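Residue-level structure breakdown
What follows is each chain in one-letter form.
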Amino acid sequence: MNYKKILPAILGILSIAGISSCKKQFDKLLINPNYPSASTADVDLYLNEVQLDFNSFWTSAGDYGGQLSRQQHWNGPFYRNGYTPSSFDFQWTIAYTGVLTNANAMIPLAQSQRKYVQSGIARVLKAYTVATLVDNFGDVPYSEAVLGNDNVIPKVDGGASVYAAAQSLLDSAIDDFAKPNSAPFVGNDLFYGGSKAKWTTFAKTLKLKLYMQTRLVDASAKAKIQALITENDLVNTAAQDFVFRYGTSVTAPDARHTHYASNYTNNGNGEYLSNYFMWLVTAQKYGGIPNNTTGDPRVRYYFYRQVGNYNWATSSTCPCFAKSQFGSSSFPSWYPSVPDVSPYCTVGKGYHGRDHGDNSGAPPDGNYTTAMGVYPVGGQFDAGQFKQVTSTMGGQGAGINPIWLSSYTSFLEAEAALVLGVSVPAGTPRALLSAGVNSSISKVMAFPATVNVTPDPALVPSGTQITDYVAKVLSNYDTASTDLSRLNIIMSEYYIALWGNGVESYNNLRRTGMPLGAQLAVAVPNPGLFMRSFFYPSVFVNRNSSAPPQKDPGNVANKVFWDNNPDNFIK
């Protein structure tokens, strides 16, 4: 039966009054689901998308930052060609067409429905995103961005003005969380379960992070930093940590931590860790010899070794091994002393990744390289099993993205106290350093239980091992003779605690140049000027006639607005 033909006939014999009555009833149904009204649009579906897009954006930003800051392996060999503009297309696209577009659409809807918690969350994630775009690219579109057909060629705004807009967004978010007449939260908050108090605390902590980022160029930053630290409504406990939690599902969709998915396959480890980072954690404090028994308590949680020796290393599986400290010790002429000052080729005791800027071909070494451990990717605890990775090993990928932890707050406050002279309720820079290290160790050691991994009790660090490690860090701090060397100890421990967070390690490196003595590029003596910001993505410069000229990394430093350090102070 053709209802489309019958319906007009029926309507045609209705009385005028009947038509009017039906029109009022049908009008309620004539809502295009693709363009819902403010009263019916599903704010919580928008919120889900904003949160997921934000995590994807953060993951991409963290990977590139981690590579450049030597947390992860950077291929190189020159900064001018280590990446291409298209390398950053995804990060840019997910920020603008994902986070910002959905947040901008959601916020007025949430406001109209009194869903102020949701609008506050969207503002916080939008603020983090636009500030990170500045950190990574410099001047970026903001005031003219995501306007649709109203402006398809947005111009860039100065980085300082976008940072100011991010601070304003955070202030508005804090106001949203404080509104007393907010509708009950029934959405899916992937971070804090709808807790207004925790979101407020994180927003204030993010404000502190941004002010600290600008401390080199903003004379007023100190007073603002002091006010936030004095108020002390900051992420100070593990319960307040801002993390994204992954699952274990492999398909439809793959919900595992992205690095677990690449590290733990049935065909071996598909990713190289940074030799420098493994060396810094395991060996730097111990004369260059890895200490996984009485050294840093986090070692067995951070890294999983598939092998415990180098019997597998041949000219085909590990071409550089013959020149390493286990061979002829034929290191690059521009390298400092190995292994006490820098690693080369490998680290020792089976810890094996790649050196900074090693762009040589990939040998068949997937069954021998070190993988990320149980923390933070939900991998395997290293109990000396020396077994090849599999796709179901350890926590099966139920890891976290550690976007902001309480330990980071302690390290940031230690930096502020030492460099700016601000007064911190939690104590001196030394006390804050101690708090940061202890907080990080506690977080890492408690993590396996959250992903159903039980470490071998005989290898769980004892209280004595933890105390001894912290004492060693503090002893190094006490014997440091300058504030520069003291700051280097703070930032080095911050860097170690940042495992899995390349966003902050890249920011910190550009702001402070620390850790000092980071591994030099291995393939060439002069890789060019360090990348102080990324290429503009190809999807921006190739499609937008208002885009600035493309950058020239390696030849030009391309510093973002808050970075006034010398061009070549990072190698």
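Structure: see above.
Now for a quick tour of the structure.

Procedures and definitions
Residues numbered from 1 in each chain as written. Predicted model: local features only at pLDDT ≥ 70, side-chain atom pairs only at ≥ 80, totals over all residues. Heavy atoms only, no water. 1 Å grid on protein atoms, 1.4 Å probe; cavity = no way out; pocket = protein on both sides within 12 Å on 5 of 7 lines; lining within 4 Å. Points joined across faces, edges and corners; volume = space filled by probe spheres on them. Helix = DSSP H or I, 4+ residues; strand = E, 2+ residues; numbered from the N terminus. Nonpolar A, V, L, I, M, F, W, Y, C, P; charged D, E, K, R; others polar. Buried < 20%, exposed > 50% of the residue type's maximum accessible area, 1.4 Å probe, protein only. Pairing = 2+ DSSP bridges. Salt bridge = Lys/Arg side-chain N within 4 Å of Asp/Glu carboxyl O.

Moving on, we come to empty space enclosed by the protein. All told, the structure shown has three cavities of 30 Å³ or more when counted by the stated rule. Considered as a void within the structure, the largest cavity measures approximately 90 Å³ in volume. Forming the walls of the largest cavity are 14 residues, and the residues nearest its centre are Trp58, Asp63, His259, Asn401 and Gly500. Those elements giving two or more residues to the lining of the largest cavity turn out to be helix H3 (43–68) and helix H9 (258–263). A per-element tally of the lining of the largest cavity places H3 first, with four residues. Counted by class, the lining of the largest cavity contains three nonpolar, ten polar and one charged residues.

Right, let's talk about the pairing of strand E4 (residues 400–404) for a bit. Of all five residues that make up E4, five are buried, and the element is covered over most of its length. As defined by bridge partners, strand E1 (residues 242–245) adjoins E4 across four bridges and the pair is classed as antiparallel. Counted as the bridge partner of Arg245 is Ile400 from E4.

One pass over the full model with this rule turns up 22 salt bridges. Asp563 is the salt-bridge partner of Arg532, the closest N and O atoms lying 2.7 Å from each other. Here Arg532, found in the loop between helix H17 (502–512) and helix H18 (538–541), pairs with Asp563, found in the segment after H18; they are 31 residues apart in sequence, far enough to count as distant. Accessibility assignment for this pair places Arg532 and Asp563 in one class, buried. What emerges from the salt-bridge pattern is a single network uniting Lys285, Asp296, Arg298 and Glu493.

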